[in-house]
Amino acid sequence: MSSGDSLLDSVDELDDFSDSGSDFEATLKATKRRKLSVTRPGPPKRPRYKAALRVSNSSNSLNPSSPDTSPQQPSSRQTSPRPVTRVNQGNRSISAGNIYDAVCSGKSAMVTVVDEWLDSYKSSREAGLLVLINFIVQSCGCKGVVSREMLDSMQNAEIIGTLTKEFNEDSVTYPLCTPGPALKHFKAGLCEFVRVLVRSCRNSLIYDEYLFSSLLALLTGLSDSQVRAFRHTSTLIAMKLMTEMVEVAVLVSVQLKTTQRQYDMENGKEAHDQAPGRLEELQATISQLQENREELSSMMNVTFRGVFVHRFRDRLPEIRAICIEELGMWLKTNPADFLNDGCLKYLGWTLHDKQSPVRLQCVRALQGLYQEKEFIGRLELFTSRFKERMLNMVLDKDSGVAVEVVNLLLLIQQGTEEGLGEGECSHIYPLVYASNRALASVAGVFLFEKLKSVIASENQENDRSENAAFIQILINFFIQSEFHEHGAYLVDSLWGVARSELRDWETMTTMLLQESVLQLSVLSGLMYEEEGVLIELMMCAIRQAAQATPPVGRTQGKKILGMKDKKVQEQDRRRITAHFIPLLPQLLAKYSADAVKVTLLLKAPQYFFLEMYSSSPRLDKHLDLLLSQVCCIMEKHTEVTVLEACSNLVSSLCVDCYTFSSRTHLAFSQLMDGLTECLNAYLSDLLQGTADDDDVYSAACALKKIAALSSAMDPTGWKLFDCCLELLKSKMESREFDKELMVSALKCAAFNLMWAKVNAVNSTPAEGELKRLKKEMRSFCKVCETCLSLDQTEIRDQAFELLCDLLLLYSTSSARMEPAALQPLVHLPSDSLRSEMAAFLLDYVFSDTEDAELNDEDEEAMKITILQRKRNQLAGYCKLVIYGVLDLTAATNIFKHYSKYFKDFGDIIKETVSKSKVINPILSAKTVCLCLQQLFSEMLTEDHSRQDLIEIRDLAKRLAMSFGINLNRVRKPLVALHTDGVRFAFRAPPEGEEPQSNLGFLEILSEFSFKLLPQDRAEL
């Protein structure tokens, strides 16, 4: 049969395996022909082994399409008289229980256990075999015992049937499926026992035509049992036996080749040079080894056809995984007999298995094959046939399988001549951006090897620096990948394999600072887009080195860095600081006009050891240059991202613990002076309404920069609150809404109030100062309340977010942690403000109007930005409820949307429900009931429909789950909830409404009733 035909396309063709031209089958046929042609007097040479073959063929005959290649024999085992060896009653031999205990413990020396059993077997092979059989039965979890009478008088099928009847059907567990470390110990012990048994018998008992023949016959029958425990355990033992026999067969083949070579050498000598009797001795050894090899081939064929061919498609995935794992061992250990298309097809079929553990074992088996260079030629047909499937498996739903598949494809890429084409590699490249870090890392290794191979081919033509060439080709890859916002994930994927290249700060900065005259000898100048990509990748690499943590979404639990990792991290930070302190001002100066690039570069100092600025006098000038560049950038740019990056840097440099903080304060205070003068120059015209568009724009830009600086440093010394408040009032009175100007004024006024509260806590202000501050807080809240009703999205959203922050900062809960003198600063929202904030929540957070306005052509990023903004606003409102700024009943506006908006806000609302129960369990339960009452009343006032009631019931069901399973703990809250609910259901209706219209609420209330204790149900 040709190799091309043997790679079948469907598992349905497995039934014709006996015609597949297997090497073992050919061996078995030749052996049988030889036995039939030679007739000898006396009994057959292998009566017990022929019986074993008959049992195997009988079990295989269940498959109607598998023709039997042996002579016609009865389907059942013929029971023949056996020589009986009586066991000396005084001799205490090892029992099945002793072997089982030794295997379970995993601590016993398995060689000693096997030696003791061998001594027992040599005393009486029937008794020894019986001990081994009962050990197998016990390992299956069966309480039954095979007696000597059963072994002598019953066929294997009858023995298995008897054991099946005695099996404890009530128990679904058996040793191989026991959870926990016990399973690991038992399985390892069982495999070790089989390994030691075969190795102890490989020179003698394996060829005694009794022990292994009988054992394989029983295992073949058990592997075909309907009882899962029998099938699982016997398959594991049979496959391990097969693996060990394959190793023995390889050893015998090596010995046979060696002996044959010795014979040929001896035979080639002159007659007088030959040792007397040496040829006859070698010929006898060759004959014995050939007979041993035939014996092993026959037993392996029985196991392969009787167990593997049927069990590799067993319905139990654990059994399928065992078969495929051992098949991989056979292919690698004995490629001469197994590494052919007839056996490889099983691996190809199993790549499509529905269970991930089976696919995983299959991929690992293939890895073992592709690691051997001498196997590559034999795998060509398999590779071409199943390469597409392997490429598709990189997106396997099980990340562990996907990881191993990428490793397998890397072996194929490196080991085969044709490797993988660029189109095939494109299946793997996007995985460097995967959220699973293990998968992304192996994809990074694949990408790194691919890029290195490209660099190696290019460097044959150009004399290039390897790191510079790598960085250049990585830039091109990142541009072509079209995942331009995920540079941190690409760097993290390559970090393990390309750490030295990604930490080559000298090459990166040289490439960025080079001019058209001063070129690197290895590269031409970077294009505009390439410069931006290099800066982004460089900043991602700096973050990765300085923080030693993966990007968001790839963190696998809380990983504590060891001492070695911490030392490496500290060294990296020092190298980064020492290299970038003198070069950062130059980079900022070169790219100061580019908002995107300068925003990235301004993040660098947050990863520095800033103490190094004051550690050496020569670094002072670099600090002055940095401050000068930051001030110039703030004067030049008005983009929010740039100003935020500048304010973060200002916040880092102005910390009082640094000796240079006074210099940074002075530099940024001078910048604030200039911005304040600019604002004051246009303020009077703005308040009078006489400012033109240019004046408004200039004032808005100045105020925007002041607001950015105010978030990082104390602005109260410039007395900007009053002018900002007057500006806001003026704009609202004139109804001239300039969003840039008003949003900046809101921010600036709010930051002034925040810094004033911080200063009040850190000092002891006079009573008049406290009154003034509280008055300012009240005035600002009124202005924000008015802004909430404006039809200007940016102004409205900013006012709501600032209100949430300020109300929390000036709340009662905040005052509890402050000196008693600051109690007058507590500010509670007015009823009108509460109403406006609740209306804002309903109209603009729990609303789909903005999403509906976006069509399919709009950027997906815009939808994500809107959702993030809404989540921030909802979180701010929930904090006001949790910290007591708003009454707990205000949470009804949140709870009623729990079910409908669960996908977008479910985590926030769930946490709010949980926190409310901690604050006041009974009031929280009443709030839950109140929100359901409100929804029910709204349903009655509108067109009543069954669908509305179902939605309210779904919400009630979800809220009921929040009460937990400790019914005694939630007893009082549940009683309070039901009391309010029952009262609502039976209350007298107002005039004009139908009587008993609220009775339908009891149907909603029933979703909580199953959590009531019986005595509480009786009371209600």
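Quantities reported herein were computed from a predicted structural model and do not represent experimental measurements.

Secondary structure summary: the chain contains 46 helices and 0 strands in total. Counting over 1020 residues, the chain shows a buried share of 50%. Here the contacts in the chain between residues at least 6 apart in sequence split such that 73% fall between residues at least 24 apart. When the accessible surface of the chain is totalled, it reaches about 49000 Å², and 51% of it is carbon and sulfur.

The final tally for this structure, using the stated rule, is 38 salt bridges. Here arginine 125 makes a salt bridge to glutamate 126, at a shortest N to O gap of 3.8 Å. Of the residues examined, arginine 125 reaches a relative accessible area of 29% and is grouped as partly exposed. Judged by relative accessible area, glutamate 126 falls into the buried class, the value being 2%. Here aspartate 572 ties to arginine 503 by a salt bridge, and the two come within 2.8 Å at their closest N and O atoms. In this pair, aspartate 572 is assigned in helix α26 (residues 563-590) and arginine 503 in the loop between α23 (499-502) and α24 (505-513), connecting sequence segments 69 residues apart. Grouping residues by exposure puts aspartate 572 and arginine 503 together as buried.

As a further point, take the packing of helix α21 (residues 466-481) against helix α25 (residues 528-547). The contact between α21 and α25 brings their axes to 10 Å, and the two run at 100 degrees. One finds that α21 runs roughly perpendicular with respect to α25. Contact residues: Ile471, Gln472, Leu474, Ile475, Asn476, Phe478 and Ile479 in α21; Glu529, Glu530, Val533, Leu534, Glu536 and Leu537 in α25. For the contact of α21 with α25, the residue count by class is 8 nonpolar, 2 polar and 3 charged.

Another aspect to go through is a positive patch on the surface. Side chains of Lys729, Lys775, Arg778 and Lys782 sit close together on the surface and give a patch of like positive charge. In terms of residue count, helix α34 (residues 767-787) provides more of the positive patch than any other element does, 3 residues in total. The residue lysine 729 is located in helix α32 (residues 721-734) in this model. Of the residues examined, lysine 729 reaches a relative accessible area of 39% and is grouped as partly exposed.

Let us now look at unusual backbone geometry. Positive phi outside glycine occurs at glutamate 209, with the angle close to 65 degrees. Within the fold, glutamate 209 resides in the loop between α9 (181-201) and α10 (211-223). The class of glutamate 209 is buried, set by a relative accessible area of 18%. If you check the backbone angles, arginine 735 has positive phi at about 60 degrees while not being a glycine. By secondary structure assignment, the location of arginine 735 is in the loop between α32 and α33 (739-762).

Moving on, we get to the confidence of the model for the chain. Residues of the chain with pLDDT of at least 70 account for 86%, and the chain-wide mean is 85. Segment residues 1-91 is flagged for pLDDT under 50; beyond a separation of four residues in sequence, or across chains, it makes 136 contacts in the model. Overall, residues 516-523 carries pLDDT values under 50, and its contacts beyond four positions in sequence, including any with other chains, amount to 16 contacts.

Below, the discussion takes up the packing of aromatic side chains. Under the definition given, this model contains 31 aromatic pairs. Look at phenylalanine 840 and tyrosine 844: their rings are 5.2 Å apart centre to centre, the planes differ by 50 degrees, and that puts the pair in the tilted class. On the criterion of helical spacing, the pair formed by phenylalanine 840 and tyrosine 844 is a turn pair, its members being 4 residues apart in helix α37 (residues 831-845). Residue phenylalanine 840 is classed as buried on the basis of its relative accessible area of 1%. The exposure class assigned to tyrosine 844 is partly exposed, which follows from its relative accessible area of 25%. Judged by centre distance (6.0 Å) and plane angle (40 degrees), the rings of tyrosine 901 and phenylalanine 905 are tilted. On the basis of relative accessible area, phenylalanine 905 is assigned to the buried category, the value being 1%. Ring pairing ties together the aromatic residues Phe304, Phe308, Phe312, Trp330, Phe338, Tyr346 and Trp349, which thus form one cluster. One residue, arginine 796, lies across the ring of tyrosine 844, its end atom 3.7 Å from the ring centre.

Bringing α32 into the picture now. Quick reminder: α-helices carry 3.6 residues per turn. Residues three or four places apart thus point the same way. With 14 residues, α32 ought to run about 20 Å at 1.5 Å a step, and its terminal C-alpha atoms sit 20 Å apart, in line with that. For α32, the set of buried residues is Phe721, Cys723, Cys724, Leu725, Leu727, Leu728, Ser730, Lys731 and Met732. Looking at the buried positions of α32, the neighbouring elements they touch are α30 (661-688), α31 (693-710), α33 and α34. At the C-terminal side of α32, arginine 735 shows a positive phi close to 60 degrees.

Before going further, it helps to spend a moment on the state of the cysteines. Inspection of the entire model under this criterion finds 0 disulfides. Cysteine 140 takes part in no disulfide bond, and the closest cysteine sulfur, belonging to cysteine 142, lies 7.5 Å away.

Relative to the assigned elements, serine 847 resides in the loop between α37 and α38 (849-853). In contact with serine 847, other than residues within four places in its own chain, are Leu842, Lys870 and Tyr901.

The next thing to look at is the packing of α21 against α24. Packed helices, taken two at a time, are described by the angle between their axes plus the distance between the axes. Interhelical geometry of α21 versus α24 gives an angle of 65 degrees and a closest axis separation of 10 Å. Note that α21 runs across α24; the crossing there is right-handed. Taking contact as the criterion, the partners of Ala468, Ile471 and Gln472 in α21 are, on α24, Thr507, Met508 and Met511. Grouping the constituent residues of the contact of α21 with α24 by class yields 4 nonpolar, 2 polar and no charged.

Compared with an ideal rise of 1.5 Å per residue, which puts 14 residues at 20 Å, helix α5 (residues 110-123) spans 20 Å between its outermost C-alpha atoms and is within 8% of the ideal. Those residues of α5 that sit buried are Met110, Val113, Val114, Trp117, Leu118, Ser120 and Tyr121. Taken around the axis of α5, the buried residues stretch over an arc of 160 degrees, which confines them to a single face. Those residues of α5 that are buried lie in contact with α4 (96-105), α6 (125-139), α9 and α10.

As a further point, take the environment of glutamine 260. By the secondary structure assignment, glutamine 260 is in helix α11 (residues 228-267). Take glutamine 260: its relative accessible area is 30%, and that puts it in the partly exposed class. C-alpha separation for the pair glutamine 260 and glutamine 283, spaced 23 residues apart in sequence, amounts to 8.3 Å.

What counts as what
Here the residue index of a chain counts from 1 through its sequence in written order. With the structure being a predicted model, the display of local features is reserved for residues of pLDDT at least 70 and the display and counting of side-chain atom pairs for 80 or more, all residues being used for whole-chain, interface and lining totals. Hydrogens are left out, water is left out, and the side-chain values use all remaining heavy atoms of the structure. Secondary structure counts use DSSP, requiring at least four H or I residues in a row for a helix and at least two E residues in a row for a strand, with both numbered from the N terminus. Only protein chains enter the accessibility calculation, which uses a 1.4 Å probe. A residue is then buried if its area is under 20% of the maximum for its type, exposed if over 50%, and partly exposed in between. Only heavy atoms enter the contact rule, under which two residues are in contact if any of them lie within 4.5 Å. For accessible areas, the Shrake-Rupley method is used with a probe of radius 1.4 Å. Any residue's cover is judged against the shown protein chains and nothing else. Just to be clear on terms, a salt bridge is a Lys or Arg side-chain nitrogen sitting within 4 Å of an Asp or Glu carboxyl oxygen. Note on geometry: axes are C-alpha line fits, over the in-contact stretch for helices, and angles between N-to-C directions span 0 to 180 degrees. The labels follow the angle: roughly parallel below 35 degrees, roughly antiparallel above 145, roughly perpendicular from 65 to 115, and oblique for the rest. All residues other than Ala, Val, Leu, Ile, Met, Phe, Trp, Tyr, Cys, Pro, Asp, Glu, Lys and Arg, Gly among them, are scored as polar; the first ten of these are nonpolar and the last four charged. Residues enter a patch when their relative accessible area is above 30% and they make no salt bridge; the linking distance is 9 Å between like charges and 5 Å between nonpolar side chains (Val, Leu, Ile, Met, Phe, Trp, Tyr). Charge convention: Lys and Arg are scored as positive, Asp and Glu as negative, and His as well as the terminal groups of each chain are ignored. One atom stands in for each charge, and that atom is NZ of Lys, CZ of Arg, CG of Asp or CD of Glu. Each residue carries a pLDDT score, the predictor's confidence in it, ranging from 0 to 100. Note on aromatic contacts: the rings of Phe and Tyr and the six-membered ring of Trp form a pair at centre separations within 6.5 Å, being stacked when their planes are under 30 degrees apart, edge-to-face when over 60 apart, and tilted otherwise. Only lysine NZ and arginine CZ atoms are considered, and such an atom sits over a ring when it is within 6 Å of the ring centre and within 35 degrees of the ring normal. Multiplying 1.5 Å by the helix residue count minus one yields the expected span of that helix. The disulfide criterion used throughout: a pair of cysteine sulfur atoms within 2.5 Å. Working rule for handedness: look at the near helix, and if it is turned counterclockwise from the far one by less than a right angle, call the crossing left-handed; if clockwise, right-handed. Arc, as used here, means the arc of the directions from the helix axis to the C-beta atoms.

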